[in-house]
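This is what each chain is made of:
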Amino acid sequence: MSSLTTETRPTEPPSRMLRVAFRSFAAIEKVGNKLPNPFWLFWILAGVVIVLSAVLASAGVSTTHPGTGDTIAVRSLLSKAGVTEMIEGAVDNFASFPPLSTILIVGFGISIAQASGLFTATLRRMVARVPARYLTFALSMTAMVGHVAGDAAYVTLIPLGALIYRAAGRSPVLGCIVAYVSVSAGYDASPVITTTDTLLSSISTAAAHTIDADYHVTPIANYFFALGSSVLVALVIALVVDKVIAKRSDLEPDEPVTALSTKELKEIGTTPQQRRALRATGLTALGFVAVVATGMIPENSPLRGKGGSLVESPVVTGMSLVLFVFFALLGWVYGKASGTFARPRDVVDGLIEGTRTYAPILVLFFAISQFLAYFQWTNIGNVIAVEDARTLKDLHLSGWSVLVGIAVLITFMNLVITSGSALWALAAPILIPMLMLIGISPEVTQAIYRVADSVTNCVTPMSPYFAMALGFIQQHKKSAGIGTLASFTIPIAAVIWIVWVAFFVAWYLLGIPFGIG
């Protein structure tokens with residue numbers, strides 16, 4: 001990324017607002033590059049918690065739980081009990097870390113589907129024959145669905161966006177920008193359940209246990225909001241791009257837009273066998289959903305929870321396993337029908353290969369799990385949450401204004417800490433208990449976090465995918481630099497942030513459920 005910064009630094013843009021933004025991003029990049037890897041960052045924070053707990057405990061810092069009246073005192077990790085906890089609890093802290101098993105189980109299923117070629121074929125099929133007037137919305141909506149493939153969506157959709165825009169006689173540079181912004185700025189919005197849902201809900205559950213040990217945030221706790229948000233964000237991107245961005249004169253590539261070659265046409269489309277496989281997979285998906293839904297209809301069904309509850313049913317609380325079976329089944333059906341899975345061993349090989357991509361997350365989880373365990377054991381988070389909740393009550397702030405304030409805070413934090421799981425692991429232990437004490441549920445807090453965590457992904461130079469997107473754009477316009485890409489993404493991100501936050505506030509004030517759970 002440093003080479004891009006030094007070799008492709010753009011000239012100062014005429015807009016004063018953009019000049020200020022570029023200088024800000026340069027400062028953010030400089031500061032961000034000095035931050036340690038998130039793995040080391042959480043160990044440093046763990047060290048801070050150890051020292052701080054000793055200082056606060058010696059000072060007798062405590063508070064009173066507003067619900068039970070019990071005294072909550074800070075405990076020192078440098079005490080005998082604290083040292084014992086750190087040593088003896090290390091393995092349990094990691095093994096019982098809620099997101100660990102969740103991300104692995106769901107990831108297994110997604111790995112099989114990814115190895116079969118299902119996601120790539122689906123994304124290509126969604127944008128292969130779209131009328132030109134709906135092209136931007138179709139590509140953006142495809143990206144929303146593509147979030148189920150995780151970061152692979154960047155690699156698949158950005159070059160695909162360039163090809164389909166060329167096929168429509170439009171600038172491939174614009175196709176790259178639309179695909180990149182759609183994947184990154186709308187990363188936490190999707191009409192389908194993704195690994196992000198399971199990851200964030202697990203961290204939220206762990207944070208909520210500070211106040212209520214029985215509280216459970218399900219992977220579908222934000223599904224209704226995420227579904228509505230995916231359509232909203234795609235519409236906003238389509239309107240801003242087609243009405244404003246597409247009219248800019250600096251979108252033209254170095255070479256005139258020409259008809260696609262036979263090879264390039266194949267990269268966009270799908271073969272007859274793949275189309276048949278997609279139809280079989282679609283029917284399988286509908287059948288799976290129908291079987292599960294039908295099984296939950298009888299009031300005495302084993303798929304229902306206590307007292308016939310649907311919300312507390314095994315299907316909802318055990319959603320991780322349900323998603324594993326769903327994606328694994330679809331991947332197997334598509335793989336067999338398309339020919340990518342010729343032998344049972346191919347499924348296992350795909351599962352193993354896909355699981356390797358989760359290694360960085362598992363390494364990070366070890367550091368995060370220890371930090372959160374220390375933070376919870378010391379009661380520092382409890383004291384901060386209770387005192388901050390009292391302050392908010394004394395200020396008589398409305399719930400929506402507090403949530404918008406949190407959105408602003410997370411938005412700026414995301415410019416430097418681009419890992420969504422790392423940022424939520426840092427913020428959730430404070431935000432969720434604090435807001436629970438003033439009557440705002442973890443599901444709502446998680447929903448506003450998802451908005452703020454998504455939008456600035458497309459503008460921060462700290463994101464590795466910013467450099468990737470720039471690389472794809474430079475294949476068509478060699479003079480493009482960091483400032484070039486930022487000058488396109490900043491206006492789009494600004495509009496998305498305003499509209500999406502307003503959408504959240506309206507959803508919250510109307511009392512519409514954010515999801516199931």
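Residues numbered from 1 in each chain as written. Predicted model: local features only at pLDDT ≥ 70, side-chain atom pairs only at ≥ 80, totals over all residues. Heavy atoms only, no water.

### What to know about the overall build of the protein
Here is step 1 of the chain: A count of helical and extended segments in the protein gives 24 helices and 2 strands.
Here is step 2 of the chain: When each of the 517 residues of the protein is scored for burial, the buried share is 52%.
Here is step 3 of the chain: Nonlocal contacts in the protein, meaning residues at least 24 apart in sequence, comprise 80% of its contacts between residues at least 6 apart.
Here is step 4 of the chain: Surface accessibility of the protein: about 22800 Å² in total, with carbon and sulfur atoms responsible for 65%. (Helix = DSSP H or I, 4+ residues; strand = E, 2+ residues; numbered from the N terminus. Buried < 20%, exposed > 50% of the residue type's maximum accessible area, 1.4 Å probe, protein only. Contact = heavy atoms within 4.5 Å. Areas by Shrake-Rupley, 256 points an atom, 1.4 Å probe, with all protein chains shown as cover.)

### Thoughts on the nonpolar core
Here is step 1 of the chain: In this structure, Tyr 180 and Ile 496 are the most contacted members of the largest nonpolar core, which totals 146 residues.
Here is step 2 of the chain: Per-element accounting of this core gives the leading share, 14 residues, to helix α24 (residues 482–510).
Here is step 3 of the chain: Here Tyr 180 is in contact with Tyr 154, Ile 158, Asn 457, Cys 458, Tyr 465, Phe 466, Ala 469, Leu 485 and Thr 489, once residues within four sequence places are set aside. (Core = buried A, V, L, I, M, F, W, Y, C linked by side-chain atoms within 4.5 Å.)

### Here we look at helix α19 (residues 380–395)
Here is step 1 of the chain: For α19, spanning 16 residues, the distance from its first C-alpha to its last is 23 Å, which sits close to the expected 22 Å at 1.5 Å a residue.
Here is step 2 of the chain: Turning to α19, its buried residues are Ile 380, Gly 381, Asn 382, Val 383, Ala 385, Val 386, Ala 389 and Leu 392.
Here is step 3 of the chain: Just downstream of α19, His 396 is the residue with a positive phi angle, here 55°. (Expected span 1.5 Å × (residues − 1).)

### Overview of the packing of aromatic side chains
Here is step 1 of the chain: Per the stated rule, a full pass over the model turns up 21 aromatic pairs.
Here is step 2 of the chain: Where Phe 504 meets Phe 514, the ring centres are 5.6 Å apart and the plane angle is 45°; that geometry is what we call tilted. Remark: Phe 514 occurs in the segment after α24 and Phe 504 occurs in helix α24; sequence separation between them is 10 residues.
Here is step 3 of the chain: Under the relative-accessibility criterion, Phe 504 is labelled buried at 1%.
Here is step 4 of the chain: For Phe 514, a relative accessible area of 8% puts it in the buried group.
Here is step 5 of the chain: Here the basic side chain of Arg 75 rests over the ring of Trp 377, its NZ or CZ set 4.1 Å away from the ring centre. (Phe/Tyr/Trp six-rings, centres within 6.5 Å; stacked < 30°, edge-to-face > 60°. Lys NZ or Arg CZ within 6 Å of the ring centre and 35° of its normal.)

### Things to note about the packing of helix α14 (residues 272–295) against helix α16 (residues 319–338)
Here is step 1 of the chain: At a closest axis distance of 8 Å, the pairing of α14 and α16 adopts a crossing angle of 150°. When the interaxial angle is binned, α14 and α16 end up roughly antiparallel. By crossing handedness, the relation of α14 to α16 is classed as right-handed. Facing α14, whose interface residues are Gln 273, Gln 274, Ala 277, Leu 278, Ala 280, Thr 281, Thr 284, Ala 285 and Phe 288, α16 presents Val 322, Val 325, Phe 326, Leu 329, Leu 330, Val 333, Tyr 334, Ala 337 and Ser 338.
Here is step 2 of the chain: Classifying every residue of the contact of α14 with α16 gives 13 nonpolar, 5 polar and no charged. (Axes fitted to C-alpha atoms, helices over the stretch in contact; angles between N-to-C directions. Parallel < 35°, antiparallel > 145°, perpendicular 65-115°, else oblique. Left-handed = near helix turned anticlockwise from the far one by under 90°. Nonpolar A, V, L, I, M, F, W, Y, C, P; charged D, E, K, R; others polar.)

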